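Each chain, letter by letter, is given below.
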Amino acid sequence: MMDLFSEIEEPEREELKRLRKELEEANYKYYVLNMPTLSDREFDEKMHRLQALEAQFPDLFDPKSPTQHVGSDLGKKGFETVRHKYPMLSLANSYSREEIEDWVRKLPPNAEIVCELKFDGLSISLWYEHGVLVKALTRGDGVQGDDVIANIKTIPSIPWRIDRADIPDFFELRGEVLLPWERFEALNKEREEQEEPLFANPRNAASGTLKLQDPKEVARRGLEAYLYYMLGDNLPGTTHYERLETAKEWGFHISDAIKVCKNVDEVMAYIAYWDTERKNLPVATDGIVLKVNNLAQQEELGFTAKTPRWAIAYKFPAEKQLTLLKEITYQVGRTGVVTPVANLEPVQLSGTIVQRATLHNEDFIKSLDIRPGDRVWVEKGGEIIPKIVGRADRNDEMSATPSLNDGMMYSFPDVCPECGTPLVRVEGEAAWRCPNEAGCPPQIKGKIEHFVSRKAMNIDGLGEETIDLFYQKGLLHNIADIYDMKLEDIAAQERLGEKSAQNILAGIEASKQVPWARVLFALGIRMVGETTAKKIARVYNTIDTLQWATVEQLCAIEDVGPQIAENIVAYFNDMRNLEILERLRQAGLQFEGEAAEGPQSDKLAGMSIVISGTFAHHSRDEYKAMIEANGGKNVGSVSKKTSFILAGENMGPEKRKKAEDLGIPLKTEEEFLEMMN
Ligand code: IVH
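Quick summary incoming for the structure in this document.

Rules used in this analysis
- Along each chain, the written sequence defines residue order, and numbers are assigned to residues from 1.
- Local features in this predicted model are restricted to residues of pLDDT 70 or higher, and side-chain atom pairs are both shown and tallied only at a pLDDT of 80 or more, whereas totals for entire chains, interfaces and linings draw on every residue.
- To get the side-chain values, all heavy atoms of the structure are used, and hydrogens and water are removed first.
- Secondary structure is summarised from DSSP: a helix means a run of H or I of at least four residues, a strand means a run of E of at least two, and numbering begins at the N terminus for each.
- Throughout this description, buried means an accessible area under 20% of the type-specific maximum (1.4 Å probe, protein chains only), exposed means over 50%, and partly exposed covers the range between.
- Contacts are residue-level and defined by heavy atoms, with any inter-residue pair within 4.5 Å sufficient.
- Whether two strands pair depends on DSSP finding at least two bridges between them.
- Where helices are involved, their axes are fitted lines through C-alpha atoms of the stretch in contact, as for all axes, and angles between N-to-C directions lie from 0 to 180°.
- Every case where a carboxyl oxygen of Asp or Glu lies within 4 Å of a side-chain nitrogen of Lys or Arg is listed as a salt bridge.
- Proximity is defined per residue: if any heavy atom of the residue lies within 4 Å of a molecule or strand, that residue is considered near it.
- Polar contact is the term for a pair of N or O atoms within 3.5 Å; when the atoms are in protein, one must be able to donate a hydrogen and the other to accept it, and sequence-neighboring residues count only if both atoms are side-chain atoms.
- In this description, accessible areas are obtained by the Shrake-Rupley approach with a 1.4 Å probe, and a residue is regarded as covered only by the protein chains that are shown.
- When residue character is reported, Ala, Val, Leu, Ile, Met, Phe, Trp, Tyr, Cys and Pro are called nonpolar, Asp, Glu, Lys and Arg charged, and the others, Gly included, polar.
- When two cysteine sulfur atoms are found within 2.5 Å, that pair is recorded as a disulfide.
- Any angle from 65 to 115 degrees is called roughly perpendicular, while one under 35 is roughly parallel, one over 145 is roughly antiparallel, and all others are oblique.
- Crossing handedness follows the turn of the near helix against the far one: under a right angle anticlockwise gives a left-handed crossing, and clockwise gives a right-handed one.
- Any pair of Phe, Tyr and Trp rings, taking the six-membered ring for Trp, is counted once the centres come within 6.5 Å. Such a pair is stacked with planes under 30 degrees apart, edge-to-face with planes over 60 apart, and tilted for the rest.
- Working rule: Lys NZ or Arg CZ, within 6 Å of ring centre, within 35 degrees of ring normal, means a charge sits over the ring.
- Working definition of a nonpolar core: buried Ala, Val, Leu, Ile, Met, Phe, Trp, Tyr and Cys residues. They are joined through side-chain atoms within 4.5 Å.

### A closer look at unusual backbone geometry
The phi dihedral of Asn234 is positive, around 55°, even though this residue is not glycine. Tracing the sequence through the fold places Asn234 in the loop between strand E8 (224-231) and helix H8 (240-249). On the accessibility criterion, Asn234 (74% relative accessible area) is exposed. One non-glycine residue, Asn458, adopts positive backbone phi at about 50°. Within the fold, Asn458 resides in the loop between helix H13 (441-452) and helix H14 (464-472).

### Concerning the side chain of Thr421
The residue Thr421 is located in the loop between helix H12 (402-405) and strand E17 (424-425) in this model. Excluding its chain neighbours within four sequence positions, the residues that come into contact with Thr421 are Asp414, Val415, Cys416, Cys434, Pro435 and Asn436.

### So, the sheet that holds strand E22 (residues 666-667)
If you trace the four strands from one edge of the open sheet to the other, you get E20-E19-E21-E22, paired in parallel fashion. Across the chains shown, the open sheet's two edge strands, defined by having one partner strand only, are strand E20 (633-635) and E22. Inspection of the sheet shows strand E19 (residues 608-612) paired to E20 by three bridges, in the parallel sense. Each bridged residue has a counterpart across the sheet, and for Val610 the counterpart in E20 is Val635. Strands strand E21 (644-647) and E22 of the sheet are contacted by helix H25 (residues 669-676), whose axis makes an angle of about 115° with E21.

### Topic: the pattern of salt bridges
It is possible for side chains of opposite charge to pair when their charged atoms get near one another. This model, assessed by the stated rule, comprises 41 salt bridges. Linking Glu101 and Arg97 is a salt bridge whose minimum nitrogen-to-oxygen distance equals 2.9 Å. A residue pair is termed a helical-turn pair when its members lie 3 or 4 positions apart in one helix, as Glu101 and Arg97 do in helix H3 (residues 97-105) at four residues. With its nearest N and O atoms 2.8 Å apart, the salt bridge here joins Asp166 to Arg164. In this structure Asp166 comes out as partly exposed when scored by relative accessible area, which is 47%. Taking the relative accessible area as the measure of exposure, Arg164 reaches 30% and is therefore partly exposed.

### Things to note about the site of the ligand
Close to the ligand lie 13 residues; Glu116, Leu117, Glu176, Tyr228 and Lys291 are nearest. Here Lys118 contributes a side-chain N or O atom positioned 3.2 Å from an oxygen atom of the ligand. For the ligand, a nitrogen atom lies 3.0 Å from a polar atom in the side chain of Lys291. Protein chains shield 91% of the accessible area of the ligand, which is 530 Å² for the free molecule. Going through the elements one at a time, strand E3 (113-119) and strand E10 (285-292) are the ones with two or more residues in the shell around the ligand. If you tally residues by element for the shell around the ligand, the top one is E3, at four residues. Tallied by class, the residues present in the shell around the ligand amount to seven nonpolar, one polar and five charged.

### Considering the state of the cysteines
Under the defined criterion, the tally for this structure stands at zero disulfides. Of all cysteine sulfurs, the one in Cys434 lies closest to Cys419, which takes part in no disulfide; the gap is 3.6 Å. Residue Cys419 is classed as partly exposed on the basis of its relative accessible area of 27%.

### Structural notes on the sheet that holds E3
Strand order across the open sheet formed by five strands is E2-E11-E10-E3-E9, with mixed pairing between neighbours. For this open sheet the edge positions go to strand E2 (93-94) and strand E9 (259-261), each flanked by a neighbour on one side alone. As defined by bridge partners, E10 adjoins strand E11 (residues 311-315) across five bridges and the pair is classed as antiparallel. Bridge pairing links Lys291 to Ala311 in E11. Contacts from H3 reach E2, E3, E10 and E11 within the one sheet, and its direction differs from that of E10 by about 20°. Taken strand by strand, H8 contacts E3, E9 and E10, and its axis lies near 55° from that of E3.

### Some remarks on the packing of H3 against helix H9 (residues 264-277)
For the pair H3 and H9, interaxial distance at closest approach is 11 Å and the crossing angle is 140°. It follows from the interaxial angle that H3 and H9 lie oblique. When the axes of H3 and H9 are compared, the crossing they make is right-handed. Packed against H3, whose contacting residues are Arg97, Ile100, Glu101 and Val104, the element H9 presents Val264, Asp265, Met268 and Ile271 at the interface. For the contact of H3 with H9, the per-class residue count stands at five nonpolar, no polar and three charged.

### Thoughts on the packing of aromatic side chains
All chains considered together, the criterion is met by 20 aromatic pairs. Where Phe119 meets Tyr226, the ring centres are 4.4 Å apart and the plane angle is 10°; that geometry is what we call stacked. With Phe119 in strand E3 and Tyr226 in strand E8, this residue pair connects regions lying 107 residues apart in the sequence. Here Phe119 and Tyr226 have matching classes, each one buried. Each member of the aromatic cluster is reached from another via a ring pair, and the members are Tyr128, Phe171, Trp250 and Phe252. The ring of Tyr95 has Arg41 sitting right over it, with the charged end atom 4.5 Å from the ring centre.

### Considering the nonpolar core
Core analysis: the biggest nonpolar cluster contains 54 residues, and Phe451, Phe470, Ile482 and Leu584 have the highest contact counts within it. Elements with a minimum of two residues in this core: H13, H14, helix H16 (498-510), helix H17 (516-522), helix H18 (530-539), helix H19 (543-547), helix H21 (562-573) and helix H22 (575-587). Here this core takes six residues from H17, the largest share from any one element. Grouped together as the second largest cluster of nonpolar side chains are 37 residues, Phe199, Ala206, Ala225 and Phe252 included.

### Details of the environment of Glu15
By secondary structure assignment, the location of Glu15 is in helix H1 (residues 2-31). Separated by 38 residues in sequence, Glu15 and Leu53 place their C-alpha atoms 8.4 Å apart. Among all residues touching Glu15, those that are not within four sequence positions of it are Arg49 and Leu53. Engagement of the side chain of Glu15 in a polar contact is seen with the side chain of Arg49, the distance being 2.8 Å.

None of the figures reported here should be taken as evidence of function without further support.
Here it is as structure tokens:
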């Protein structure tokens, strides 16, 4: 009998293991890579199933199971990892009135419930010591997080210091960091122009931004924060609501949408109101959060391993609509990749009108089995860029439009929709590409747009429209033509007077000082992005050496794989490119690295250096740059591999102790500067 039972159980045991793996992977992709693969709902359903299976098979208990801990975003370089004073938990989700009622039933009778918006960003924990912001930790794995204080300080609404006598010595405020819609859209537009991958939603964009190593860039992107939870000993107030009021008085950014409710009807009215009204908010929300107001009751209810019992989230349903796929059009990018785009009958979805959605590539279209004339499902889940997730049954009379797709099979074009050149498909790639680099209009214009863009040559006054105009008029055919343009050619164009012509020429002139690494990026070699270009330029500090580098040599550079290396070699093997490069050289562009681009010396080569404390002569960022410019590596935490600590005033006690324990030497600011001299 026993054997028979275990045989019946076997598939479920297998399912349990598979779910653990799947959820672990989904967590990694969500938290570390910022590339969600499952919708929240799918994730929750799988998690519930796993919980049920684990209850059924207690012998398979595993403390490492995703049911036992929250996902982790740890492991990014350059930030100090710090243990949370109070674990940072997540919330249980609910999707219906029934689920909310179930939760309310377990609360003390007549418990007051605070309703708040559920902001869709990433959680942050701010530590205030004697009124001074001393740490800003990400959730990390819930037990320890990364200190991203330099980036958090770029958010104008977060106070760095609170000058009041009535605040406790220590308190913590938790909240959500967000990239407002407007900023998100501007950032993605910029990334599209640079052919960088787009962020799927503001949450991913905020997460990617918070982990940047460059606070200046973080500041430029414009993060925002809302705070919703105060913790600490000896805090004023007996309810959650009072605490948030207090936090507001102390100068913290607290949402106005908070409401104390007495029963489920009031909660549902709040939900109904915000389900539509949230579309007018400047930031993304994905639900509401219900919290027991009374703090004594909260304490009584306590926590499970992962979530508080005194709070629950209600998630707004992802919006989905059927609409007609009118036509598939094709966009040709600067590298010749042909991207299919769905042109839809306009449809209202999560507050915006959707009429276009990317179809990515041929495989994507095939996997959905869609063609013009189909009615397709468009989804905007968790405020993600609209995507097509399926189609209606073609036999359903209401769903299909026979006149358009009757008997027709869809096929991807075999010639470039812009210039008629037969398309090619590189092995191992999903994309079809137009190989007519030098003659295909969107490729020509796209390359010029990339060349002049802000992170490349940064030539003001040459926008998309102007480039198009100059191209039409025969003034611009490639990037080298930019440097041959004359004042009178430009000023003769409609819409452009002498003044703007002068501005453009000034921008062109200034671009001759742009350093080698950015020139290399500007050339637009396939897959050589901004960061890769910097790394290559550091190793090959003149174009003459780079030009002769082999695939093997290039592969020795950090982040350069065989595909990138081959693209570089192919670029320099093309006579047309060599001609353009020669003209650019004549024009006076920087084809050699300045000293500041690569290490200025190798005094610190092979050393790992920790910076700690505050400094009198230079900023931390300057010291970091100095270390890197001299061949050293700046690392976040002390380990036995640390060469020395650049120790300023008020160095953290934990670091000091660790350094002592491991026998790592400390160097003062003055000693370090002397060493660099
Ligand atoms: S309270 C212990 N309130 O949602 C409870 N969380 O899915 C702490 N979130 O990790 C959370 N808006 O990042 C709370 N008004 C709000 C929130 C909120 C968004 C996030 C938070 C949390 C996640 C759980």
